[in-house]
Amino acid sequence: MDRTLAADLARLPELLDATRGAAADALATLDARPVVPPAGKPHDPEPLPEHAAGTDAALAAFRDRWEPRLSASAGPRYLGFVTGGATPAALAGDWLTAVHDQNSNSVLDGGGQDLERETVGWLRDLFGLSADHSGTFVSGATMSNTTGLAIAREWLGERLGVSPAEDGAAALGPVRVLSGAPHSSIAKALSFLGLGRNSLVRVPTLPGREAVDPAALERALADTPGPAVVVANAGTVNTVDFDDLRAIETLRGRHDFWLHTDAAFGAFAALSPAHAHLADGLDASDSVCIDLHKWLNVPYDSAVQFTRRRDLQARVFQNSAAYLGPLGEHPDLVHLTPENSHRLRALSAWFTLRAYGRQGHREIVERDIACARALGAALEEDPAFTLLAPVRLNVVCFTLAEAPTPGRLTALREAVAGEVFVTPTVYGGTAALRAAFSNWRTTQAEVRRAAEALGAAAREIA
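Presented here is an overview of the structure given in this document. All residue numbers refer to positions counted from 1 along the written sequence of the respective chain. For this predicted model, a pLDDT threshold of at least 70 governs which residues receive local features, and a threshold of 80 or more governs which side-chain atom pairs are given and counted, while totals over whole chains, interfaces and linings are taken from all residues. Each side-chain value is worked out from all heavy atoms of the structure, with water and hydrogens disregarded.

A few words now on the environment of Ala263. Every helix listed is a DSSP run of H or I at least four residues long, and every strand listed is a run of E at least two residues long, numbered separately from the N terminus. Mapped onto the secondary structure, Ala263 falls in the loop between strand 5 (257-262) and strand 6 (287-291). Look at Ala263 and you get buried, because its relative accessible area is 0%. Along the chain, Ala263 and His335 lie 72 residues apart, while their C-alpha atoms are 24 Å from each other. What Ala263 contacts, discounting residues up to four positions off in sequence, is Ala234, Leu282, Val288, Cys289 and Ile290. With a 1.4 Å probe rolled over the protein chains alone, any residue whose accessible area is under 20% of its type maximum counts as buried; one over 50% counts as exposed, and the rest are partly exposed. Contact between two residues is taken to exist if any of their heavy atoms lie within 4.5 Å; hydrogens are not considered.

Right, let's get into the pairing of strand 5. Along strand 5, six of the six residues are buried, which leaves the element largely enclosed by surrounding structure. Here six bridges tie strand 4 (residues 228-233) to strand 5, and the two strands are oriented parallel to one another. Each bridged residue has a counterpart across the sheet, and for Ala232 the counterpart in strand 5 is Thr261. Look down the strands so they point away from you; if going from the first strand over the helix to the second traces a clockwise path, that crossover is right-handed. A crossover connection joins strand 4 to the parallel strand 5 through helix 10 (residues 245-250); in handedness this β-α-β unit is right-handed. Note: two strands are recorded as paired if DSSP finds a minimum of 2 bridges between them. Two strands pair when backbone bridges link them, and strand 5 and strand 6 are joined in this way by three bridges, in the parallel orientation. The partner of Asp262 across the bridge, within strand 6, is Cys289.

Let's shift gears to unusual backbone geometry. The omega angle of the peptide bond from Tyr300 to Asp301 is -5°, so this bond is cis rather than trans. Positionally, Asp301 belongs in the loop between helix 11 (292-295) and strand 7 (303-307). Of note, the phi angle at Asp101 is positive, near 45°, even though the residue is not glycine. Tracing the sequence through the fold places Asp101 in the loop between helix 4 (88-100) and helix 5 (111-126). Asp101 sits in the exposed class, given a relative accessible area of 63%. At Val240, a residue that is not glycine, the phi angle is positive and equals roughly 50°. In this structure, Val240 sits in the loop between strand 4 and helix 10. According to the relative accessible area criterion, Val240 is buried, its value standing at 0%.

Looking now at the sheet that holds strand 6. Within the open sheet, the seven strands sit side by side as 1-7-6-5-4-2-3. Their pairing is mixed. Where the open sheet ends on each side, the last strands, each with one partner, are strand 1 (134-138) and strand 3 (200-202). The average undirected angle you get between the axes of adjacent strands in this sheet is 20°. Orientation is described by lines fitted to C-alpha atoms, with helices fitted over the stretch in contact, and by angles between N-to-C directions that extend from 0 to 180 degrees. Contacting strand 1 and strand 7, helix 5 crosses the sheet at an angle of about 110° to strand 1.

Our next topic: a nonpolar patch on the surface. Patches here: salt-bridge-free residues with over 30% relative accessible area, like charges joined within 9 Å, nonpolar side chains (Val, Leu, Ile, Met, Phe, Trp, Tyr) joined within 5 Å. We get accessible surface area from the Shrake-Rupley algorithm with a probe of 1.4 Å; when it comes to residues, only the shown protein chains can shield them. Take a side-chain nitrogen of Lys or Arg and a carboxyl oxygen of Asp or Glu: if they are within 4 Å of each other, that pair is a salt bridge. On the surface, Met1, Leu5, Leu9, Leu12 and Leu16 cluster together to form a nonpolar patch covering roughly 540 Å² of accessible area. Mapped onto the nonpolar patch, the elements with two or more residues apiece are helix 1 (3-10) and helix 2 (12-28). Note on placement: Leu9 falls in helix 1. According to the relative accessible area criterion, Leu9 is exposed, its value standing at 51%.

With that out of the way, let us pick up helix 5. Because each turn of an α-helix spans 3.6 residues, side chains separated by three or four positions end up pointing in the same direction. Take the number of residues in a helix, subtract one, and multiply by 1.5 Å to get its expected span. Taking 1.5 Å as the rise per residue, helix 5 with 16 residues should run 22 Å; its terminal C-alpha atoms sit 23 Å apart, in good agreement. Looking only at helix 5, the buried set comprises Gly112, Gln113, Glu116, Thr119, Val120, Gly121, Leu123 and Leu126. Where helix 5 is buried, its residues touch strand 1, helix 11, strand 7 and helix 13 (346-381). At the C-terminal side of helix 5, Gly128 shows a positive phi close to 75°.

Moving on, we get to the sheet that holds strand 9 (residues 395-400). With antiparallel pairing, four strands are arranged side by side in an open sheet as 8-9-11-10. Every interior strand has two partners, whereas the edge strands, strand 8 (385-387) and strand 10 (423-427), have only one. For this sheet, the mean angle separating the axes of adjacent strands, direction not counted, is 45°. Helix-sheet contacts for helix 14 (residues 406-415) involve strand 8, strand 9, strand 10 and strand 11 (430-436), and the interaxial angle to strand 11 is about 25°.

As a packed pair, helix 14 and helix 15 (residues 444-461) sit with axes 9 Å apart at the nearest point and diverge in direction by 135°. It follows that helix 14 is oblique to helix 15 by the angle criterion. When the axes of helix 14 and helix 15 are compared, the crossing they make is right-handed. Here Arg408, Ala411, Leu412 and Ala415 of helix 14 come into contact with helix 15, specifically with Leu454, Ala457, Ala458 and Ile461. Any angle that falls under 35 degrees is termed roughly parallel, while one over 145 is termed roughly antiparallel, one within 65 to 115 roughly perpendicular, and all others oblique. It is the rotation of the near helix from the far one that decides the hand of a crossing: anticlockwise by less than a right angle makes it left-handed, clockwise makes it right-handed.

Read these as layout, nothing more, since geometry by itself doesn't imply function.
Right under this line is the structure:
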């Protein structure tokens, strides 16, 4: 064994303590650090070290060279994208995931996949899905949507008497995928799956909304020869709008389609009694995307996908090799996603669900919703801003009241980056900003701080 590696092994408890200290320092200073540090001049890449220096030296180099450039994305004022943090229990689970370093894909070493199945069962119950839905962990919403649409592709083949998994996507002929306000990952998935971005058909939405117009969807289905795929939204990116899943479900009596629901973070509405109606009908979906490193507050990367047709899922992703577990009636995880290498992502989710339960995660969801509404109210009272949509759940979509050009919004966003991070978007043709609340640490104090920073920056720009 290399001499330095052997020395690190002998000192492993001490090195882990040093790492714990560095982690504790980083978390303790979240409130004081810039949410997004100034860009500065990029580092010139260093050459690969020729000789061993050990973990102490690597930790010191990281803390000096890279840590100051990392954002405080684990903190309560990182409101860009839809990014959660990591609850204390989820962080513990993530550390232990690396410690145990499981390849959790096969019954040949089955503890990891059994833990994942238990965790999936808890999540299914959390989101109000029935036992007809089976689930698997994947890396994020994009891979969850891709997996769901891959199963939908095989369902189309089943309807047409072919198997895209065996014969290729061309065996399907033209495919139509209908959606009102699809996330960008849907088009990406269709490209990846060989169905093509042009197979995505935008269906008109309700006036002033991002929710699909059910009547327009029915007309589009009537114009579609043969079976189709419908991608519904349970929480759009810009305004967290929800398609009427019950209304879409009733169309099945007259039209043949696979229903995939992108509920990346909107599914968490089911945790709040006051908002659960928004996700009503989610269980009717044939496949569902839910992202966990958003509102479940587990570390990147983690999501889950659910489907009613695990048989089709295994037909698409089966991987035949002597060293892998059998396909069988209960397929190993290696047969259910694009990934053969499957980190035990479920452990962080298991930890946070085991530690805080339904009630603890309901409190996070409801507090974040209250924070979003408070920021929306503060911006609405400030003459410098205009809300572009009602705050339906946890996202505030807003812009400058005067001259909301992309350049001025960029200046605003950069001016407040040390205090609060928001992301750019375009809504209804208007350049805008989004503040998304999903972090377990965020409170009304952070809302006030963010509102004050945004207001001061807007006045400075004006």
